[in-house]
Amino acid sequence: MFSEIEPVEASAEDIVIRACPTLVEENQNKQEFLWGYYFCIENNSSQRVQLLGKNWNITDDKGNRFCDDSLGFKGEIPMLEPGEFFEFTSMAPLSSPNAVFYGSCKIQKEGQKESQDIKIPTFMMSVNEPVSAHLN
């Protein structure tokens, strides 16, 4: 479902996050738009990293804001060895043809007491524009 779209990418602290949205279904008469999104979180550091959760936001062009500020990824709290990656997909039903997706992932490196937020790549979800438009 996501293979035709060029992913956008952000990196920090040797953690690379790639994101790719796609319009799954639309009904313009009813103003219903179902967006799918894919994330790949890659650990390029020399330490084990645990993915604790996320704070993802979608703001549409009508000013509606949707937030997923939760622990884990569909019940998983993955531990990534150096060189490993974790893939995650989900869906977002919107009532507007245009929105922006932004936020961060919360990680904790092995041996560190404090967690840190790693920014995800910001991207547009627009029926009228290429969905791979990168805003960073």
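The structure presented is a predicted model; accordingly, all values stated were derived computationally and were not measured. (Residues numbered from 1 in each chain as written. Predicted model: local features only at pLDDT ≥ 70, side-chain atom pairs only at ≥ 80, totals over all residues. Heavy atoms only, no water.)

**Describing the overall build of the chain**
(1) Moving on: When you go through the chain residue by residue, the secondary structure sums to zero helices and ten strands.
(2) Moving on: For the chain, the N- to C-terminal ordering of α and β elements is β-β-β-β-β-β-β-β-β-β.
(3) Moving on: Viewed in the frame of its principal axes, the chain has a C-alpha envelope of about 55 × 25 × 25 Å.
(4) Moving on: Buried positions account for 44% of the 136 residues belonging to the chain.
(5) Moving on: Considering only contacts within the chain whose residues lie at least 6 apart along the sequence, 62% involve residues at least 24 apart.
(6) Moving on: For the chain, the exposed area adds up to about 7,300 Å²; of that, 45% sits on carbon and sulfur atoms. (Helix = DSSP H or I, 4+ residues; strand = E, 2+ residues; numbered from the N terminus. Buried < 20%, exposed > 50% of the residue type's maximum accessible area, 1.4 Å probe, protein only. Contact = heavy atoms within 4.5 Å. Areas by Shrake-Rupley, 256 points an atom, 1.4 Å probe, with all protein chains shown as cover.)

**Quick notes on the pattern of salt bridges**
(1) Moving on: On inspection of all chains with the given rule, the structure shows seven salt bridges.
(2) Moving on: One salt bridge in this structure joins Glu-110 and Arg-48, with 3.6 Å as the shortest N-O distance. Of this pair, Glu-110 sits in the loop between β8 (98-109) and β9 (116-119) while Arg-48 is found in the loop between β3 (32-43) and β4 (49-60), placing the two residues 62 residues apart along the sequence.
(3) Moving on: Taken together, the shared-partner salt bridges in this structure form one network comprising Glu-9, Arg-18 and Glu-42. (Salt bridge = Lys/Arg side-chain N within 4 Å of Asp/Glu carboxyl O.)

**What to know about the environment of Lys-62**
(1) Moving on: You can see Lys-62 is positioned in the loop between β4 and β5 (65-71).
(2) Moving on: Residues Lys-62 and Ser-95, spaced 33 residues apart in sequence, show a C-alpha to C-alpha distance of 8.9 Å.
(3) Moving on: Beyond its immediate stretch of four places on either side in the chain, Lys-62 contacts Gln-31, Ser-95 and Ser-96.

**As for the side chain of Asn-98**
(1) Moving on: Along the polypeptide, Asn-98 turns up in strand β8.
(2) Moving on: Residues contacting Asn-98, with those up to four places away along its chain left out, are Asp-60, Asp-61, Met-125, Ser-126, Val-127 and Asn-128.

**Details of the environment of Glu-6**
(1) Moving on: Position of Glu-6 relative to the elements: it lies in the segment before β1 (8-12).
(2) Moving on: Residue classification places Glu-6 among the exposed positions, given a relative accessible area of 57%.
(3) Moving on: On a C-alpha basis, the gap between Glu-6 and Ser-90 in space is 18 Å, while along the polypeptide they are 84 residues apart.

**Observations regarding the side chain of Ser-126**
(1) Moving on: Here Ser-126 shows up in strand β10 (residues 123-126).
(2) Moving on: Look at Ser-126 and you get buried, because its relative accessible area is 4%.
(3) Moving on: A polar contact of 2.5 Å, which involves the side chain of Ser-126, links it to the side chain of Asn-98. (Polar contact = N/O pair within 3.5 Å; in protein donor to acceptor, adjacent residues only side chain to side chain.)

**Observations concerning the nonpolar core**
It is characteristic of soluble globular proteins that their nonpolar side chains tend to be buried jointly.
(1) Moving on: Phe-39, Trp-56 and Phe-101 are the most contacted members of the largest nonpolar core, which has 27 residues in total.
(2) Moving on: Among the secondary structure elements, those contributing two or more residues to this core are β2 (15-27), β3, β4, β7 (85-94), β8 and β10.
(3) Moving on: Beyond its immediate sequence surroundings of up to four residues, Phe-39 is in contact with Ile-17, Arg-18, Ala-19, Trp-56, Phe-86, Glu-87, Phe-88, Phe-101, Ile-120 and Phe-123. (Core = buried A, V, L, I, M, F, W, Y, C linked by side-chain atoms within 4.5 Å.)

**A short note on the environment of Asp-69**
(1) Moving on: Within the secondary structure, Asp-69 is located in strand β5.
(2) Moving on: Overall, Asp-69 belongs to the exposed group, its relative accessible area being 57%.
(3) Moving on: Here the alpha-carbon distance between Asp-69 and Met-125, two residues 56 residues apart in the chain, equals 20 Å.

Keep in mind these numbers describe shape, not what the thing actually does.
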